[in-house]
Amino acid sequence: MDYQQLLAQRRTHPAWRLLAADHAPMIASFLHASFIAPNVRTLPRQQLASQLDDHLYHLHEQAGELFFPKPAAAYLDDWASDERGWLRKYYPSGQDEPHYDLTSSTEQAIDWLLGLGQRQFIGTESRLMTVFDLLRQIIDGTELNPRTRIAELQKRKAAIDVEIGHIAQGRLDMMEATQIRERFLQMATTARELLSDFRAVDHNFRSLDRSVRERIATWDGSKGELLQEIFGKRDLIADSDEGKSFRAFWDLLMSPTRQDELSTLLGTVLALAPVRELEPDGRLQRIHYDWLEAGEVTQRTVARLSEQLRRYLDDQAWLENRRIMQLIRDIEQKALTVRGQVDGAAFMELDETGPATTLPMDRTLFAPPFKPHITHGIIDEEGAAIPADALFEQVFVDRLRLQSNIRRALQTRKQVSLAALIAEHPLEQGLAELATYLSLATQEQRSAIDDTQQETIAWTDAQGRARQATLPLLIFNT
């Protein structure tokens with residue numbers, strides 16, 4: 001580590017500033033209890049300020065004096081400022097209340113503080129086995145000799161056959177309770193660290209999005225050079241080891257088969273007696289849903305980057321078209337100016353505007369002429385205005401938001417009906433949103449439709465009128 005680098009990080013890095021802050025114990029304990037402990041990604045301002053008020057009240061009650069006099073909202077704004085950088089304050093799409101998210105640097109500092117505590121149980125066997133497994137995977141994945149690979153697979157097959165023989169004879173090698181607890185704690189730690197990795201990846205994409213906006217705002221060169229630079233940065237992140245690993249993880253997590261397998265494995269492990277003795281957090285049962293929600297935030301950041309590029313291209317195309325029309329007007333004005341100044345002589349002569357080419361296959365087959373039948377009639381409403389309101393009343397239904405509603409509902413239950421789901425998340429766009437739910441049920445989500453039963457769904461349209469639809473019973477499944 002370089003001295004000058006550490007000196008600069010001490011002044012500018014948010015994690016170091018948090019550890020050196022005067023109220024670091026209060027800040028770190030509150031952010032850990034609000035974000036990391038419950039595995040929460042974002043919180044609205046009112047809810048987070050209410051939690052901070054309760055936290056400060058308990059601290060003042062224990063100390064018997066007022067240590068933190070400022071309002072909770074003032075503390076949140078201070079922590080989200082550029083000078084601190086411990087929280088990220090932003091406005092979600094379609095909402096006017098700000099939300100807060102923990103930054104990657106703050107999570108690093110809190111993880112470091114958690115590591116200072118003395119752990120009650122330090123497992124070494126499971127980590128050693130993990131080292132062996134990783135080394136075997138590296139060797140197997142890089143071995144070029146087919147005979148060596150076949151020999152290794154034959155060795156594993158022989159070991160599996162011996163184990164099958166022992167099981168057939170009634171000899172079962174069971175894990176001890178200590179081994180079960182050790183591996184479970186290692187799994188739980190790794191599962192929670194994945195959420196931290198999502199924050200780091202999202203931070204990288206948001207930094208890229210910010211730099212793209214700055215380059216677009218200050219760019220005065222050609223459009224091609226700017227796009228080449230922007231896409232170069234985008235590909236640099238996507239093609240890096242971190243980007244490839246995230247893409248492979250996301251593809252694996254989005255597999256319905258993998259989700260079902262993970263849910264089954266978590267349920268089986270959490271039901272074991274040695275694991276129940278540890279009193280594990282019940283949220284581990286749905287940790288993969290937290291991964292999905294965190295991954296959606298990252299995907300939306302990438303979508304915002306693409307939208308920014310598309311908007312820039314649209315603006316540039318409009319400016320170029322405007323420039324072309326200005327040039328055409330200038331030519332017309334100059335032509336009108338010199339029109340009366342030419343005395344008989346040709347001002348400009350062109351033999352042909354382009355070469356004439358005739359290809360044999362250009363001649364089409366004969367087709368009999370169409371003779372339209374024209375009816376005589378008088379249109380009385382000639383020149384009547386045609387209403388075009390429908391062109392400006394188009395609505396866009398966010399499929400990602402509806403999928404997120406379904407997944408949140410299935411976190412606490414195995415199935416939910418469409419009527420119950422809409423009761424929790426009322427329709428905001430009427431029949432269009434209801435049709436999108438039906439499209440998700442038949443194309444992307446696991447669902448069942450019972451034609452023998454019916455359910456009634458009610459909503460209020462944009463004019464304030466009550467509407468309802470009667471549909472077959474639709475049930476979304478995990």
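Our structure is the block above this text.
These numbers come from a predicted model, not from an experiment. Per chain, residue numbering runs from 1 following the sequence as it is written. Predicted model: local features are reported for residues with pLDDT of at least 70 only, side-chain atom pairs are reported and counted for 80 or more only, and whole-chain, interface and lining totals are derived from all residues. To get the side-chain values, all heavy atoms of the structure are used, and hydrogens and water are removed first.

> What exactly am I supposed to notice about the sheet that holds strand S6 (residues 466-477) here?
Note on sheets: strands pair through backbone hydrogen bonds, and any given pair is parallel or antiparallel. At least two bridges found by DSSP between two strands is the condition for calling them paired. In this text, helices come from DSSP runs of H or I with a minimum length of four residues, and strands from runs of E with a minimum of two, each type numbered from the N-terminal end. Within the open sheet, the 3 strands sit side by side as S4-S6-S5. Their pairing is antiparallel. Each of the sheet's edge strands pairs with one partner strand only, and the pair in question is strand S4 (415-417) and strand S5 (447-460). For this sheet the average axis-to-axis angle between neighbouring strands, irrespective of direction, equals 25°. As judged from the 3 bridges shared by S4 and S6, these two strands associate in the antiparallel manner. Its bridge partner lying in S6, Gln415 is registered against Asn477. The criterion used for residue contact is that any of the two residues' heavy atoms lie within 4.5 Å. Under this scheme, a helix contributes an axis fitted over its contacting stretch, all axes are lines through C-alpha atoms, and angles between N-to-C directions fall in the 0 to 180 degree range. Contacts from helix H17 (residues 431-443) reach S5 and S6, with the element oriented near 15° to S6.

> How should I be thinking about the pattern of salt bridges in this particular structure?
The salt bridge criterion pairs a side-chain nitrogen of Lys or Arg with a carboxyl oxygen of Asp or Glu, the two atoms within 4 Å. Evaluated as defined, the whole model comprises 12 salt bridges. Between Asp77 and Lys89 there is a salt bridge; the shortest N-O distance is 3.4 Å. With a gap of 12 residues between them, Asp77 in helix H5 (residues 72-79) and Lys89 in strand S2 (residues 87-90) connect regions that are remote in the sequence. With a closest N to O distance of 3.2 Å, Arg465 and Asp461 form a salt bridge.

> Would you mind going over the packing of aromatic side chains with me for this structure?
Both the distance between ring centres and the angle between the ring planes are used here to describe each pair of aromatic rings. Centres within 6.5 Å make a pair out of two Phe, Tyr or Trp rings, where for Trp the six-membered ring is used; the pair is then stacked when the planes are under 30 degrees apart, edge-to-face when over 60, and tilted otherwise. Considering all chains together, one arrives at 3 aromatic pairs under this definition. Relative to Trp79, the ring of Phe30 has its centre 6.1 Å away and its plane inclined at 50°; by these criteria the two rings are tilted. Taken together, the positions of Phe30 in helix H3 (residues 24-36) and Trp79 in helix H5 put the pair 49 residues apart, joining distant regions of the chain. The pair Phe30 / Trp79 is uniform in exposure class, with both members buried. Three or more aromatic residues link up through ring pairs in this structure, and these residues are Phe30, Tyr75 and Trp79. Taking NZ or CZ as reference, Arg88 lies 4.2 Å from the ring centre of Tyr90, over its face. Buried means the residue's accessible area, taken with a 1.4 Å probe over protein chains only, is under 20% of the maximum for its type, while exposed means over 50%, and partly exposed covers the values in between. Here, over-ring charges are defined by two tests on the NZ atom of lysine or the CZ atom of arginine: distance to the ring centre within 6 Å, and angle to the ring normal within 35 degrees.

> Is there a simple way to explain a nonpolar patch on the surface in this structure?
Surface patches are defined over residues having more than 30% relative accessible area and no salt bridge, joining like charges when they lie within 9 Å and nonpolar side chains (Val, Leu, Ile, Met, Phe, Trp, Tyr) when within 5 Å. A 1.4 Å probe and the Shrake-Rupley method give the accessible areas. Residues count as covered only by the protein chains that appear here. There is a patch of nonpolar side chains on the surface, built from Leu128, Met129, Val131, Phe132, Leu135 and Ile138 and spanning about 550 Å² of accessible area. Summarising the element assignment, Ile138 is placed in helix H7 (residues 125-142). Under the relative-accessibility criterion, Ile138 is labelled exposed at 53%.

> Honestly, the sheet that holds strand S1 (residues 42-44) in this entry has me stumped. Any pointers?
The antiparallel open sheet is built from 3 strands, whose spatial order is S1-S3-S2. Each edge of the open sheet carries a strand with a single partner, namely S1 and S2. Taking the axes of each pair of neighbouring strands and ignoring which way they run, one obtains an average angle of 30° across the sheet. For S1 and strand S3 (residues 99-102), the ladder comprises 3 bridges, and the chain directions are antiparallel. Note on S3: the bridge partner recorded for Leu43 is Tyr100.

> So what exactly am I meant to see when it comes to the packing of helix H15 (residues 399-410) against H17 here?
If you want to describe how two helices pack, look at the angle between their axes and the distance between the axes. The interhelical angle for the contact between H15 and H17, taken along N-to-C directions, is 65°, at an axis separation of 10 Å. The angle between the axes of H15 and H17 places the two elements in the roughly perpendicular class. At the point where H15 passes H17, the crossing takes the right-handed sense. Taking contact as the criterion, the partners of Arg399, Arg401, Leu402, Gln403, Asn405 and Ile406 in H15 are, on H17, Glu433, Thr436, Tyr437, Ser439, Leu440 and Gln443. Classifying every residue of the contact of H15 with H17 by side-chain character gives 4 nonpolar, 5 polar and 3 charged. Angles are sorted into four bins: roughly parallel if under 35 degrees, roughly antiparallel if over 145, roughly perpendicular if 65 to 115, and oblique for all others. A crossing counts as left-handed when the near helix is turned anticlockwise from the far one by less than a right angle, and as right-handed when that turn is clockwise. Under the scheme applied here, ten amino acids are nonpolar (Ala, Val, Leu, Ile, Met, Phe, Trp, Tyr, Cys and Pro), four are charged (Asp, Glu, Lys and Arg), and all others, including Gly, are polar.

> I would appreciate a short explanation of the pairing of S6 in the present structure.
Look at any regular strand and the pattern is simple: side chains alternate between the two faces of the sheet. Alignment of S5 against S6, held across 11 bridges, turns out to be antiparallel. Bridge pairing in S6 places Asp450 opposite Leu473. Between S5 and S6, which pair antiparallel and follow one another directly, the connecting turn spans 5 residues, one of which, Gly464, has a positive phi of 85°.

> I'm lost on the side chain of Glu433 in this one. Help?
By the element assignment, Glu433 lies in helix H17. With near-sequence residues (within four places) excluded, Glu433 lies in contact with Val397, Arg401, Leu402, Pro426, Leu427 and Glu428.

> So what exactly am I meant to see when it comes to the nonpolar core here?
One recurring pattern in soluble globular proteins: nonpolar side chains tend to sit buried together. The nonpolar core is taken to be a set of buried Ala, Val, Leu, Ile, Met, Phe, Trp, Tyr and Cys residues, with the residues joined through side-chain atoms within 4.5 Å. Counting 25 residues, the largest nonpolar core has Leu31, Phe35, Leu48, Leu52, Leu76, Trp79 and Leu87 as the members making the most contacts within it. Contributing elements (two or more residues each) for this core: helix H2 (14-19), H3, helix H4 (45-63), H5, S3 and helix H6 (104-116). For this core, the element with the highest residue contribution is H3, accounting for 6 residues. If near-sequence neighbours (up to four positions away) are discounted, Leu87 is found in contact with Leu31, Phe35, Leu48, Leu76, Trp79, Ala80, Tyr100, Asp101, Leu102 and Thr103. Within the second largest apolar cluster, 20 residues are counted, among which are Val397, Leu410, Ala441 and Leu474.

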